[in-house]
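If you want the building blocks of each chain, they are given just below.
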Amino acid sequence: MAPRILNGQVEVRSHLGPNDERTLADDVLDGLTRPLKELPPKHFYDARGSELFDAICELPEYYQTRTERRILETHADDVVARTGAVELVELGSGSATKTRVLLDAMRDAGTLARYIPVDVSATTVHAVAELFVEEYEGLSVYGMVGDFERHLKHLPAPVGPRLVPFLGGTIGNFPPGSRRRFLRSLGKTLGDGGHLLLGTDLVKDPHVIEAAYNDSAGVTAQFNLNVLHVLNRELGADFDVDAFEHVAFFDREREWIEMRLRATKPQHVRIDALDLEVDFAGREEIRTEISAKFTPERLRGDLAAAGLELVEMFTDPEELFAVSLARVASD
Ligand SMILES: C[S@@+](CC[C@H](N)C(=O)[O-])C[C@H]1O[C@@H](n2cnc3c(N)ncnc32)[C@H](O)[C@@H]1O
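Attention here is on the structure that accompanies the text.

Another aspect to go through is the pattern of salt bridges. All told, the structure shown has 35 salt bridges when counted by the stated rule. Linking Glu 38 and Arg 287 is a salt bridge whose minimum nitrogen-to-oxygen distance equals 3.0 Å. Pair noted here: Glu 38 is in strand E2 (residues 37–38) and Arg 287 is in strand E12 (residues 285–292), with a separation of 249 residues, a long-range link. For the salt bridge of Glu 51 with Arg 48, the shortest nitrogen-to-oxygen distance reads 3.8 Å. Here Glu 51 and its partner Arg 48 are both found in helix H2 (residues 47–57), 3 residues apart, which amounts to about one turn of the helix. Since its relative accessible area comes to 39%, Arg 48 is described here as partly exposed. Shared partners join several salt bridges into a network, and the residues in it are Asp 30, Arg 34, Glu 38, Glu 245, Glu 258, Arg 260, Arg 262, Glu 285 and Arg 287.

This is the structure:
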């Protein structure tokens, strides 16, 4: 069904349904029966997980959010002028705190028409949709609760030049092969003359990176452990969450952070919805996230392999983080 786009109004559609419980079940069955047990990071983000992620963004060690915001503040007017963007389709929008910088620039340029947040977290999409339609006069908000790997085909047609922000370094959660496949699929989402605005964390002193994922307040640990609460609640599992600990380290060869959960003692876990029994040896780990760090060469290579070309890479003076403007490559 075609969505109604109403000037200055809000509409939220959910593309998650019974099949998505299936997706969680399939991911868990697939991940926990591998030799190195694994869970995909998108399952962190129930309402509590989204709150914990917001708390991470405020941590002193987590340089990513404040640095990306500063880059956006410095270059948003330029990005809007160069792209002529009238709408934003934001992937993994979360609580969209940095998005205001782009929306403000579009409003000031007189181009702002529509905002489309896309996120698996229903609570954040609803909250942001309601907030922004109030804050920005005349703005249409079409919220999409869904999985950006599966549901982008349901996006409405562009109403004019489209800008697709994918911020927060979330692209780093994809392993290299699927990262390129996903970027290629984004080319189709951009529409004629559209642009991608991609936030990536950069390779730097490993101690700085590791500190960002091992904060002294233990918020990242709670965020990581939250995925076990999700499995207990959604799949009737009986993980003893207190018997797992948070582990995060920078893999210097692959240049990515790995977050893991380590069993502090042997455990036998039952997952009712899967009729599955899983054993953990003492100190056995589940990999819950990778977060790839980029060099300009890696970024350019990934974009090129996905049929995209870099228009400009904006960084901060310390080169901690990058926000890159890209478009479909001209042949
Ligand atoms: C690292 S946070 C970034 C949030 C925000 N963009 C920022 O920059 O602070 C990742 C966001 O992507 C969402 N997300 C993760 N995997 C997703 C998927 N497959 N489909 C849709 N949203 C996803 C999460 O719910 C979360 O809000």
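Having put the structure on the table, let's press on.
Glancing now at the sheet that holds strand E6 (residues 162–166). Sheet architecture is open: 8 strands sit in the order E1-E5-E4-E3-E6-E7-E14-E13, paired in mixed fashion. Edge positions in the open sheet fall to strand E1 (10–14) and strand E13 (308–315), since each of these has one partner strand only. On average, adjacent strands in this sheet sit at an angle of 20 degrees to one another, irrespective of strand direction. Sheet analysis places strand E4 (residues 114–119) next to strand E5 (residues 140–145), joined by 4 bridges and oriented parallel.

Let us look at the packing of helix H4 (residues 99–109) against helix H5 (residues 122–135). Packing of H4 against H5 brings their axes to within 12 Å, and their N-to-C directions diverge by 30 degrees. By the criterion of interaxial angle, the relationship of H4 to H5 is roughly parallel. In this structure, the crossing between H4 and H5 has a hand that is right-handed. Each of Thr 99, Arg 100 and Leu 103 in H4 lies in contact with H5, whose residues at this interface are Leu 131, Phe 132 and Glu 135. For the contact of H4 with H5, a count of residues per class yields 3 nonpolar, 1 polar and 2 charged.

A few words on the side chain of Lys 37. Structurally, the position occupied by Lys 37 is in strand E2. Separated by 3.2 Å, the side chain of Lys 37 and the backbone oxygen of Asp 279 make a polar contact. With residues up to four places along the chain from it excluded, the contact list for Lys 37 reads Gly 31, Leu 32, Val 278, Asp 279, Phe 280, Glu 284, Glu 285, Ile 286 and Arg 287.

The alternating pattern of E1 places Glu 11 and Arg 13 on a buried face and Val 10, Val 12 and Ser 14 on a face that is not buried. Pairing between E1 and E5: 5 bridges, direction parallel. Residue Glu 11 lies in a different strand from E5, and its bridge partner there is Tyr 142.

Along the chain, the position of Gln 267 falls in strand E10 (residues 267–271). For Gln 267, a relative accessible area of 8% gives the class buried. In contact with Gln 267, other than residues within four places in its own chain, are Phe 239, Asp 240, Ala 243, Phe 244, Val 278, Asp 279 and Phe 280.

Next up on the list: empty space enclosed by the protein. The tally for this structure, following the rule as stated, stands at 2 cavities of 30 Å³ or more. Of the pockets and cavities examined, the second largest cavity occupies roughly 30 Å³. If you go around the second largest cavity, the residues you meet are Ile 71, Leu 72, His 75, Val 79, Leu 197, Phe 314 and Val 323. Per-element tally for the lining of the second largest cavity: the top contributor is helix H3 (residues 63–83), with 4 residues. Among the residues forming the lining of the second largest cavity, the class breakdown is 6 nonpolar, 1 polar and no charged.

Rules used in this analysis
- Residues numbered from 1 in each chain as written.
- Predicted model: local features only at pLDDT ≥ 70, side-chain atom pairs only at ≥ 80, totals over all residues.
- Heavy atoms only, no water.
- Salt bridge = Lys/Arg side-chain N within 4 Å of Asp/Glu carboxyl O.
- Helix = DSSP H or I, 4+ residues; strand = E, 2+ residues; numbered from the N terminus.
- Buried < 20%, exposed > 50% of the residue type's maximum accessible area, 1.4 Å probe, protein only.
- Pairing = 2+ DSSP bridges.
- Axes fitted to C-alpha atoms, helices over the stretch in contact; angles between N-to-C directions.
- Parallel < 35°, antiparallel > 145°, perpendicular 65-115°, else oblique.
- Left-handed = near helix turned anticlockwise from the far one by under 90°.
- Contact = heavy atoms within 4.5 Å.
- Nonpolar A, V, L, I, M, F, W, Y, C, P; charged D, E, K, R; others polar.
- Polar contact = N/O pair within 3.5 Å; in protein donor to acceptor, adjacent residues only side chain to side chain.
- 1 Å grid on protein atoms, 1.4 Å probe; cavity = no way out; pocket = protein on both sides within 12 Å on 5 of 7 lines; lining within 4 Å.
- Points joined across faces, edges and corners; volume = space filled by probe spheres on them.

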